[in-house]
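Chain by chain, the residues run as shown.
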Amino acid sequence: VAQIHEFYISGEITSPETYVEVFDIIRHAREQDTVKIYINSFGGDLFSAIQFMRVMADSEAYVVCSVEGACMSAATMIFLAADSVEITPHSSFMVHNYSSGAFGKGGEMYHQIQHERKWSEKLLKEVYEDFLTEDEIQHVLENKDLWMDVDEVVLRMEEREELRKEKDSRVA
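Each value, and the rule that gives it
- Residues numbered from 1 in each chain as written.
- Predicted model: local features only at pLDDT ≥ 70, side-chain atom pairs only at ≥ 80, totals over all residues.
- Heavy atoms only, no water.
- Pairing = 2+ DSSP bridges.
- Helix = DSSP H or I, 4+ residues; strand = E, 2+ residues; numbered from the N terminus.
- Phe/Tyr/Trp six-rings, centres within 6.5 Å; stacked < 30°, edge-to-face > 60°.
- Buried < 20%, exposed > 50% of the residue type's maximum accessible area, 1.4 Å probe, protein only.
- Disulfide = S-S within 2.5 Å.
- Axes fitted to C-alpha atoms, helices over the stretch in contact; angles between N-to-C directions.
- Parallel < 35°, antiparallel > 145°, perpendicular 65-115°, else oblique.
- Left-handed = near helix turned anticlockwise from the far one by under 90°.
- Contact = heavy atoms within 4.5 Å.
- Nonpolar A, V, L, I, M, F, W, Y, C, P; charged D, E, K, R; others polar.
- Polar contact = N/O pair within 3.5 Å; in protein donor to acceptor, adjacent residues only side chain to side chain.
- Salt bridge = Lys/Arg side-chain N within 4 Å of Asp/Glu carboxyl O.

With that settled, consider the pairing of strand β5 (residues 92-95). Sheet analysis places strand β3 (residues 62-72) next to β5, joined by 3 bridges and oriented parallel. The residue of β5 that forms the bridge with Cys 71 is Phe 93. Sheet topology places β5 next to strand β6 (residues 146-149); 4 bridges connect them, and they run antiparallel. Along β6, the bridge assignment pairs Val 95 with Leu 146.

This part is about the packing of aromatic side chains. Under the defined criterion, the tally for this structure stands at 7 aromatic pairs. Their ring planes at 20 degrees and their centres at 4.7 Å tell us that Tyr 8 and Tyr 38 sit as a pair that is stacked. Taken together, the positions of Tyr 8 in strand β1 (residues 4-13) and Tyr 38 in strand β2 (residues 34-44) put the pair 30 residues apart, joining distant regions of the chain. Judged by its relative accessible area of 56%, Tyr 8 is exposed. On the basis of an interplanar angle of 45 degrees and a centroid distance of 6.0 Å, the ring pair of Tyr 19 and Phe 23 is categorised as tilted.

Let's shift gears to the state of the cysteines. Working definition: the covalent bond between the sulfur atoms of two cysteines is a disulfide. Applying the stated rule across the entire model yields 0 disulfides. The thiol of Cys 65 is not disulfide-bonded; the next cysteine sulfur, from Cys 71, is found 7.8 Å away.

What follows is about the packing of helix α2 (residues 46-58) against helix α4 (residues 106-127). Two numbers describe how α2 lies on α4: the axes approach to 13 Å, and their chain directions differ by 45 degrees. Looking at the two axes, α2 sits oblique to α4. Classified by chirality, the crossing of α4 by α2 is left-handed. Residue-level inspection shows Leu 46, Phe 47, Ile 50 and Met 53 of α2 in contact with α4, the latter providing Trp 119, Leu 123 and Val 127. Of the residues contributing to the contact of α2 with α4, the split by class is 7 nonpolar, no polar and no charged.

With that out of the way, let us pick up the environment of Glu 162. The residue Glu 162 is located in helix α6 (residues 150-171) in this model. The sequence separation of Glu 162 and Thr 14 amounts to 148 residues, and the corresponding C-alpha distance is 33 Å.

Another point: the side chain of Lys 36. With respect to the element layout, Lys 36 can be found in strand β2. Within the structure, Lys 36 has its side chain in polar contact with the side chain of Glu 86 (distance 3.0 Å). Dropping the residues within four chain positions of it, Lys 36 is found in contact with His 5, Glu 6, Phe 7, Val 64, Ser 66 and Glu 86.

Enumeration over the complete set of coordinates arrives at 12 salt bridges. The partner of Lys 125 in a salt bridge is Glu 121, and the shortest N-O contact between them spans 3.0 Å. Linking Lys 125 with Glu 121, this pair stays in helix α4, spanning 4 residues, or about one helical turn. Given the relative accessible area of 40%, Lys 125 is considered partly exposed. A salt bridge links Glu 129 to Lys 167, with the nearest nitrogen and oxygen atoms 3.7 Å apart. Within this pair, whereas Glu 129 is found in the loop between α4 and α5 (134-141), its partner Lys 167 is found in helix α6, the two being separated by 38 residues in sequence.

Structural data, given as C-alpha cells:
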C-alpha cells in the first residue's frame, strides 16, 4: 500500500539533529510512496539543507516540495532537490551567498575562508545549475541577493525541466 509522508519546513531551518526522524522516513520511503515537503522558510542551517538534498536523492519515493509563502536561502536548495514542485500564489523566493563566521588564529581563519570560498562556489554552481544563469551565480558569489516572484520561478522551473529533458535525450 502506497503511503504519503508529509513534512513541514516552517520558519528557520535548524540543526540536522532536529530532522533525524524526517531524514530516516524520507530516505527509507518506498518507490510507491510520495513524500511531500511543505516549505515556508527564510532559510537557516546550510548543512541541514545539504542533508535534506542527500536523503531526497537517496529516496525511492516521489518527492514533492510545495512552497506556501517564503522559500529563501537554504530552503531553495531543498526546493530544487524535489522530483516535482508546487508553488502557492504570492510566494517569494530569494537566493544568496552563504553566511558564516571565522575564529581562531589569523592563519587558520585565512585558510578557512579560502576553503569556504572554493567550497561555496562549487555548491552554488551544482545546486542552482539550470535554474540560475552563470552570471546570476557569479552575482550570488559576489554577495548579491536574487529575489524572484512566483511567475519567475515557474518559468525557470519549466526551462530547467526542458534543459534536463534535452540532456537526458542526448545521453540515451
